[in-house]
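What follows is the residue order along each chain.
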Amino acid sequence: MSDFLASHTPGEADRYARILSNLTRTEPTKISTRHGVWGSVAVVENQYPGYRVYEDHRSIAVVVGGPLLRAPAGKDCLVSCPSRHTATVLRHIFENPAGDWHHDLLGPFCFLHIDKPSGRFTVVTDNLSFIPVYEAESAVDKTQVLSTHSDAAALAACRSRPPDFDPVSVADFILHQKVTYPHTLYRAVRELAPATVHTIAPGQHTEAIYWRPQGRYRPFQKLDDAAAAAREALEDLLQRAANEHGRLTFFLSAGEDSRTLASMAPSDVDLHCITIAPSKNREARIAERVARRLKASWEFVEQPPDNYLHDLGHRSLLSGSGGLSIHAHMFGIAQHSSLPEQPVVIGGFGSDAFLKGHFYKLKRVLPGLGYERFVENRENSDVGRALPIEDDIYEEVAARRLRHEARLREFRDSAVNEWMVCWPMSQDHEIVNFWSNRRLFSSLEAFFSPAILDIAASIPPSWVINRRMFQRLAGPALKRTRWIPHGEGHFPALPWYANMALKPAVRIGRRLMRGGRRGRYPYAWPSAASCVDSEEFTRLAKRLLVSVEDSDAVRQAARVARLSSADAMQRFAAVQLLGSMVALPPSAE
């Protein structure tokens, strides 16, 4: 776990601790509190080594997340001190005029500083708000409540009355499985801007931007130069992680992202790989072959088929009800593995978005030819028009998305709609995977490195589609597993034109080996359709529909939950909303 809840209101620390404990099911002994004339703060214990709360006579410093640091270790704490890295961030980045929030912290973070004499709060968000921070206005004294958890901010601000859901945001979440920035599911709660130093005092809030994905940071003349720079950045991050932790653990799937990272690990490091799948299916078998070839220990963790519907309300509230919990893959199973004991667990999330054009609108050049070209995308405001949602709500959802597009056009002149899906990262509904993971164990996503973001922002779309960029980045590292195919049938070390013939051959060979029979479900995670089509989902929806209190937001979600013709993700989102409304704890008055 790792969250904070803070405000300028004195005497609220114990209530804030109860809110965080109720939402995240954290033991009260693992939540520290501070309060004074400057206000109140509660902090869930950070499981990342070296990132506990740091306090001296003047400052309280909190880091959420566990970034690797370029800054030198501070003298405030010994190597064994549980807050040594927090002290380093405070002294060598926050208080240092030469400190660089963009480059000096490798990985997601949020920094909170409380200046006790002045009562001034400073919040620093990371490059894309991989760890978002939310702001709400207190119903008591109109001061600002700050938290890394949207539901916690809402509960802290509303005091004794239930939080007020925003019907437009509820519709937005059902339609798109996310809420358009800076809005949240709650009327009173907003997300703070990414890559910004926010200085907050009673009645005041100033912002200083330190980075935007403008496309002018690392100009490259050739694709090979960009690929080499990305490879160098990843290798540097992995070396730093090995130096810091001594042992590296990787999520390993049948895909190419995790395989590439594990293959780049320093040769002298203890390497452990973990695979999650519903059975020892094709996904698991390929991952095991890769682990053996890399001479890594391998751990298999079974994913129960009903895991995504079990305790749906709390599953949603763990990482915030504004995120689609079907992406919280480790919830319910992390404790049955070695994940919580690992000093760092490295994942490959973000590669598709930043280095493969996952969000780009593409068009096949010729039918049957595995080659695509980029098409400039425009915001589509007609998504989900068939759903039973009022026209004025639809119009406001569309207006919010167009305003967000205009906001990005202030600093980007190409691929704007593609960056809409990851600026900030709350706009990518799959980010819930990381939001959940970071609260369950020490998760580090290598492709969230600031150097990778610089490269992704500054290269043209034509370089990343058809795996051109990724294949040149990964190819040199994949020599040991060159002839182990991807779960989809292609060979990650080879370019697209070589896989045009090899991928169909692998798929045909697999079918022949099965004798034409349908094999076991081959993937790591179930599809939304399989969850929604299950009897368990139907029973859950019926139970929730009679459990929630009536309101505009509830009626809106209930209509979609009952609509069998709705998209599977939209129905899941509607039922999840009902589940989180039922599970939402009181404001701990």
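Residues numbered from 1 in each chain as written. Predicted model: local features only at pLDDT ≥ 70, side-chain atom pairs only at ≥ 80, totals over all residues. Heavy atoms only, no water.

## Observations regarding the sheet that holds strand β11 (residues 144-147)
Piece 1. Strand order in this open sheet of six strands is β2-β3-β1-β11-β10-β12, and the pairing throughout is antiparallel. Across the chains shown, the open sheet's two edge strands, defined by having one partner strand only, are β2 (31-36) and β12 (189-191). Going across the sheet, the axis of each strand differs from the next one's by a mean of 15°, ignoring polarity.
Piece 2. In this structure, strand β1 (residues 4-7) lies alongside strand β3 (residues 39-44), joined through four bridges in antiparallel fashion. Bridge pairing in β3 places serine 7 opposite serine 40. (Pairing = 2+ DSSP bridges. Helix = DSSP H or I, 4+ residues; strand = E, 2+ residues; numbered from the N terminus. Axes fitted to C-alpha atoms, helices over the stretch in contact; angles between N-to-C directions.)

## Section: the pairing of strand β17 (residues 297-302)
Residues in a regular strand point their side chains to alternate faces of the sheet.
Piece 1. Note: strand β16 (residues 270-277) against β17, six bridges, orientation parallel. Paired with isoleucine 276 across the strands is valine 301, a residue of β17.

## A short note on empty space enclosed by the protein
One water molecule sets the probe size; rolling that probe over the atoms shows where empty space is left.
Piece 1. This model, assessed by the stated rule, comprises five cavities of 30 Å³ or more.
Piece 2. Roughly 150 Å³ of volume is contained in the largest cavity.
Piece 3. Around the largest cavity, the lining comprises 14 residues; the ones closest to its centre are Tyr134, Val179, His183, Thr184 and Gly322.
Piece 4. Within the lining of the largest cavity, the residues separate by chemical class into four nonpolar, eight polar and two charged. (1 Å grid on protein atoms, 1.4 Å probe; cavity = no way out; pocket = protein on both sides within 12 Å on 5 of 7 lines; lining within 4 Å. Points joined across faces, edges and corners; volume = space filled by probe spheres on them. Nonpolar A, V, L, I, M, F, W, Y, C, P; charged D, E, K, R; others polar.)

## Describing the packing of aromatic side chains
Piece 1. In this structure the tally under the stated criterion is 16 aromatic pairs.
Piece 2. Look at tryptophan 101 and phenylalanine 109: their rings are 5.9 Å apart centre to centre, the planes differ by 20°, and that puts the pair in the stacked class. Here tryptophan 101 and phenylalanine 109 have matching classes, each one buried.
Piece 3. Ring pairing ties together the aromatic residues Phe94, Trp101, Phe109 and Phe111, which thus form one cluster.
Piece 4. In this structure, arginine 212 is placed above the aromatic ring of phenylalanine 411, and the distance from its NZ or CZ to the ring centre is 5.9 Å.
Piece 5. Of note, lysine 356 hangs over the ring of phenylalanine 470, and the distance from its end group to the ring centre comes to 4.3 Å. (Phe/Tyr/Trp six-rings, centres within 6.5 Å; stacked < 30°, edge-to-face > 60°. Buried < 20%, exposed > 50% of the residue type's maximum accessible area, 1.4 Å probe, protein only. Lys NZ or Arg CZ within 6 Å of the ring centre and 35° of its normal.)

## Regarding the sheet that holds β16
Piece 1. As summarised here, the arrangement of the five strands in space is β17-β16-β15-β18-β21, forming an open sheet in which the pairing is parallel. Two strands lie at the open edges of the sheet, namely β17 and β21 (443-445), each paired on one side alone. Taken pair by pair, the neighbouring strands of this sheet meet at an average axis angle of 30°, ignoring direction.
Piece 2. Packed on one face of the sheet, helix α5 (residues 223-245) meets β15 (247-251), β18 (345-347) and β21 and runs near 130° to β15.
Piece 3. Set on the sheet, helix α7 (residues 282-293) makes contact with β16 and β17; between it and β17 the angle comes to about 165°. (Contact = heavy atoms within 4.5 Å.)

## Quick notes on the pairing of strand β8 (residues 109-115)
Piece 1. Counted residue by residue, β8 has seven buried out of seven residues, so it is predominantly covered.
Piece 2. Burial along β8 is two-sided: Phe109, Phe111, His113 and Asp115 and Cys110, Leu112 and Ile114, pointing in opposite directions, are all buried.
Piece 3. The pairing of strand β5 (residues 59-65) with β8 spans seven bridges and is antiparallel. Bridging across to β8, valine 62 finds its partner in leucine 112.
Piece 4. Note: β8 against strand β9 (residues 120-125), six bridges, orientation antiparallel.

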